[in-house]
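Summary of structural features
In case you want the letters, here they are:
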Amino acid sequence: MKSISEILERNSRAGRASLAVFISCGDPDIAFTEKLAKAVCAAGADIVELGVPFSDPMADGPTIQAAGQRALASGTTLEKVLEMAGRLRAEGLENPFVLFSYYNPIFKMGLGKAARLSRENGVNSWLVVDVPLEESGEISGELEKNGIGLVPLASPMSDDARVRGISESGSGFLYYVTVAGVTGARKSLPAEFAERLARVRAASKLPVAAGFGISSPEMAHSAALSADAVVVGSALVDLAFRECRENGEDSALAAASEFVRSLSEAMQRHSR
Amino acid sequence: MNTQSEHRGRYGIYGGQYVAETLMPALKELEEFYLKAVADPSFWEEYGAIMRDYVGRPSPLFHARRLSEYCGGAQIYLKREDLNHTGAHKVNNTVGQILLARRMGKKRLIAETGAGMHGVATATIAALFGMKCDVFMGAEDVRRQAQNAARMKMLGANLISVELKHGTATLKDAMNEALRDWVATVGDTFYVIGTAAGPHPYPEMVKTFQSVIGREARAQILEKCGRLPEQVVACVGGGSNAIGIFSGFMGDAGVKLYGAEAAGDGISTGRHSASLNGGTVGVLHGNKTYLLQDENGQILDTHSVSAGLDYPGVGPEHAYLRDTGRAHYVPIDDAQAVDAFMKLSRLEGIIPALESSHAVALAMRNARDLPKDAAIVVCLSGRGDKDMDSVMNFLKLK
């Protein structure tokens, strides 16, 4: 299992940004997610964000809301997501895993148990959407004890001083939410994306990943010119769900692989 | 006992600011303006003038003689928040928050609403100040509180009906959608939260603006009875009217504080909204509190005949008051609430909101165990005009 820093540094030396892919675990069931995780890694995803479904995803748009509902309907729980991570490790997948969750499923399981199971199942880091800097002290102790990192979030509303503070509270990379808003595929990067990214990178002690809305190879390419890593989520969730429903699992895996490959290739063009 | 939030809105382990980073700078800005406003006498002059001339405060404290006689015990006094302009206590808070929004230069208001009373109160004050207002309401509540939905439209607000593919869309879902809107519009939009929950500083702020209920009620009962009451009773969904009236008596150790939670079909059926009686600690909508959730931390569907109490969480200070024992929270089911609704209507000529009927039911029950010279103050948080269809349907079904 590779560390996030190791991957980011390796890619940076090669002159390219890293690709992080968000998958909605358990959509439509955990067995498919397990195959999807392997497929996206084989297709060029550097980091996998394992999305844990939550009944009330306040920071998510319609795509991930619906995906979470499908995952809950299939009986997906935090524990099952962690067990899946463990199986992927046992099968030799080395890409870093970021557990992407709202706080309540973690809190309800118990911080200690959630951190221990994360360690035992090969999760590198947590990203907890609704635990901002001010509340992160509550979870940092258990994470440190278990050697799990914390990916902190910054947004266009965070000023430079805040970005610095946020970056000091975490490890691996800082997840920069490119737009004030919920998750969901968008048609273009926001205005002044490059300028903002440059400011965030200057203020941050960590490498910076750009996410929210990035939905095409062209956008990934543009984002990769400014960011250390690019996160793609809703677009892939949408694609996998549609293909799976219309043409079955194999077709969905093939389409997802093709999409991730196109993202990865687009990001390697015109390396920084 | 000090139950004021000391650090980022903490009440013991409860409260906090569990929100996406995008909202944190906005919450900090809000807290800053809020603290400045409450320390500024001119803010309170403006607030007080609107309360007096527009809302119609102080609201009376009414001795419900026939209801007390019927119960055969303690004397029941009703704090008549139902007589406020817009018909409920909600307006006390919306006036405060919207005055704050104006000081902050915000152009647009958003609100979530369950029974619609908070939505109506927000739409009303938005009209008063000529501000743009969008209200989020669960589709199930738009249906069962159709009159309030219509009122908001009359007042010029844009009503957004929140639909769900799975489950019934109620107050929780309206709040999710309002938070999603806010995260995208936080620069020019003020989120007027109606209940004493949500991220800090909302619980503290809502309590501050609702504390007018408790201050008035305490002075009024002292004037009427020459002493403090044995008990103060209020209904608790998120808990804004309860924390408002409790705040006036918090320091009076001899006054017992009672909250009536919505037990729906009964706690044992699982179809209820009583998070303090049937819930466990978790994190939702920006605060740590008691929640109705499954063993995996997924929030459960709630049920109550009253849309305003149909919520899986509760304000963090109530969670704290429950744990410390300063307040007691008692489940009241749909049938008991509707019975109290009918009793108060027939015995006193006052048609209470179904939410407030839960408090009336608990007061009626408690009154029987107390002597005739004891006194109970009930927060009659709203009027029941909006609930005609719900009650008729309930009585027909049962």
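Notes on the structure follow.

Cut-offs and rules
Residues numbered from 1 in each chain as written. Chains lettered and ligands numbered in written order. Predicted model: local features only at pLDDT ≥ 70, side-chain atom pairs only at ≥ 80, totals over all residues. Heavy atoms only, no water. Disulfide = S-S within 2.5 Å. Core = buried A, V, L, I, M, F, W, Y, C linked by side-chain atoms within 4.5 Å. Buried < 20%, exposed > 50% of the residue type's maximum accessible area, 1.4 Å probe, protein only. Contact = heavy atoms within 4.5 Å. Pairing = 2+ DSSP bridges. Helix = DSSP H or I, 4+ residues; strand = E, 2+ residues; numbered from the N terminus. Axes fitted to C-alpha atoms, helices over the stretch in contact; angles between N-to-C directions. Buried area = accessible area lost by both parts, 1.4 Å probe. Salt bridge = Lys/Arg side-chain N within 4 Å of Asp/Glu carboxyl O. Nonpolar A, V, L, I, M, F, W, Y, C, P; charged D, E, K, R; others polar. Phe/Tyr/Trp six-rings, centres within 6.5 Å; stacked < 30°, edge-to-face > 60°. Lys NZ or Arg CZ within 6 Å of the ring centre and 35° of its normal.

1. Describing the state of the cysteines
- Under the criterion given, the structure shown has 0 disulfides over all chains.
- The structure places no disulfide on C41 of chain A, whose sulfur is separated from the nearest cysteine sulfur, that of C25 of chain A, by 12 Å.
- With no disulfide partner, C71 of chain B has as its closest neighbouring cysteine sulfur the one in C225 of chain B, 16 Å distant.

2. As for the nonpolar core
- One finds F173 and Y175 of chain A together with V95, W182, Y191, I245 and F246 of chain B to be the most contacted residues of the largest nonpolar core, which totals 116 residues.
- In this structure, Y175 of chain A is in contact with E49, F100, L127, V151, P152, L153, A154, A209, G211, F212 and V231 of chain A, ignoring residues within four places of it in sequence.
- In this structure, I23, V52, L93 and L263 of chain A belong to the second largest nonpolar core, which totals 77 residues.

3. A short note on the sheet that holds strand β8 (residues 208-211) of chain A
Residue and element names in this part refer to chain A.
- The parallel open sheet is built from 9 strands, whose spatial order is β5-β4-β3-β2-β1-β9-β8-β7-β6. The open sheet terminates on both sides in strands that have one partner only, identified here as β5 (149-150) and β6 (153-154).
- Across 2 bridges, the pairing between β6 and strand β7 (residues 174-177) is parallel. Note on β7: the bridge partner recorded for A154 is Y176.

4. Describing unusual backbone geometry
- The omega angle of the peptide bond from R57 of chain B to P58 of chain B is 0 degrees, so this bond is cis rather than trans.
- Along the chain, P58 of chain B falls in the loop between α2 (41-55) and β3 (61-63).
- Between H200 of chain B and P201 of chain B the backbone carries a cis peptide bond, its omega angle lying at 10 degrees.
- Residue E192 of chain A is not a glycine yet carries a positive backbone phi of 60 degrees.
- E192 of chain A gets classed as exposed once you look at its relative accessible area, which sits at 53%.
- Backbone geometry at H285 of chain B places phi at a positive 50 degrees, although glycine is not the residue there.

5. A word on the side chain of H358 of chain B
- Tracing the backbone through its elements, the reader meets H358 of chain B in helix α14 (residues 354-368).
- Judged by its relative accessible area of 0%, H358 of chain B is buried.

6. Overview of the sheet that holds strand β8 (residues 189-192) of chain B
All names here are of chain B.
- Strand order across the open sheet formed by 4 strands is β7-β6-β5-β8, with parallel pairing between neighbours. Two strands close off the open sheet at either side, each with one partner strand: β7 (158-162) and β8. Each neighbouring strand pair of the sheet contributes to a mean axis angle of 20 degrees, computed without reference to strand direction.
- Where strand β5 (residues 108-113) lies against β8, 4 bridges are found, and the strand directions are parallel. Along β8, the bridge assignment pairs A111 with V192.
- Taken strand by strand, helix α8 (residues 171-185) contacts β5, β6 (132-138), β7 and β8, and its axis lies near 160 degrees from that of β5.

7. Concerning the interface of chain A and chain B
- With 33 residues of chain A at the interface, the matching set in chain B holds 36 residues.
- Interface area for chain A against chain B, summed over the two sides, is near 2900 Å², with a carbon-plus-sulfur share of 55%.
- The three residues of chain A that bury the most area against chain B are M58, K108 and E135 of chain A, which together make up 21% of that side's buried surface.
- Run the count over chain A and chain B and you get 6 salt bridges.
- Note that R10 of chain B is salt-bridged to E138 of chain A, the shortest N-O span being 3.7 Å.
- For the side of chain A that touches chain B, the secondary structure elements donating two or more residues are α3 (62-73), α5 (103-109), β6 and α8 (160-168) of chain A.
- The leading source of residues in the side of chain A that touches chain B is α5 of chain A, at 5 residues.
- Of the residues that constitute the side of chain A that touches chain B, the class distribution is 17 nonpolar, 8 polar and 8 charged.

8. Description of the environment of A123 of chain B
Residue and element names in this part refer to chain B.
- Examined against the element boundaries, A123 turns out to sit in helix α5 (residues 117-129).
- Exposure remark for A123: the relative accessible area of 1% places this residue in the buried category.
- Considering only alpha carbons, one finds A123 and A157, 34 residues apart in sequence, at a separation of 5.5 Å.
- When residues no more than four places from it in sequence are discounted, the contact partners of A123 are C133, M152, L155 and A157.

9. Some points on the pairing of strand β4 (residues 75-80) of chain B
All names here are of chain B.
- Counting buried residues in β4 gives 6 out of 6 residues, a clear majority hidden from the surface.
- Neither face of β4 is open: one carries Q75, Y77 and K79, the other I76, L78 and R80, and all of them are buried.
- Where β3 lies against β4, 3 bridges are found, and the strand directions are antiparallel. Residue pairing across strands places H63 opposite Y77, the latter belonging to β4.

10. Details of the pattern of salt bridges
- In this structure the tally under the stated criterion is 46 salt bridges over all chains.
- In this structure, the salt-bridge partner of K288 of chain B is E138 of chain A, at a minimum N-O distance of 2.5 Å. Of this pair, K288 of chain B sits in strand β12 (residues 286-291) while E138 of chain A sits in helix α7 (residues 137-145), on two different chains.
- With relative accessibility at 6%, the residue K288 of chain B sits in the buried group.

11. Quick word on the packing of aromatic side chains
- Per the stated rule, a full pass over the model turns up 16 aromatic pairs over all chains.
- Residues W44 of chain B and Y47 of chain B carry aromatic rings whose centres are separated by 5.3 Å and whose planes lie at 85 degrees to one another, so their mutual orientation is edge-to-face. Of this pair, W44 of chain B and Y47 of chain B both sit in helix α2, 3 residues apart, roughly one helical turn.
- Using a relative accessible area of 28% as the deciding quantity, one classes W44 of chain B as partly exposed.
- In this structure an aromatic cluster arises from ring pairing among Y34, F43, W44, Y47 and F209 of chain B.
- Across from the ring centre of F241 of chain A, 3.4 Å away, lies the NZ or CZ of R70 of chain A, which sits over that ring.
- Here the basic side chain of R89 of chain A rests over the ring of F97 of chain A, its NZ or CZ set 3.8 Å away from the ring centre.

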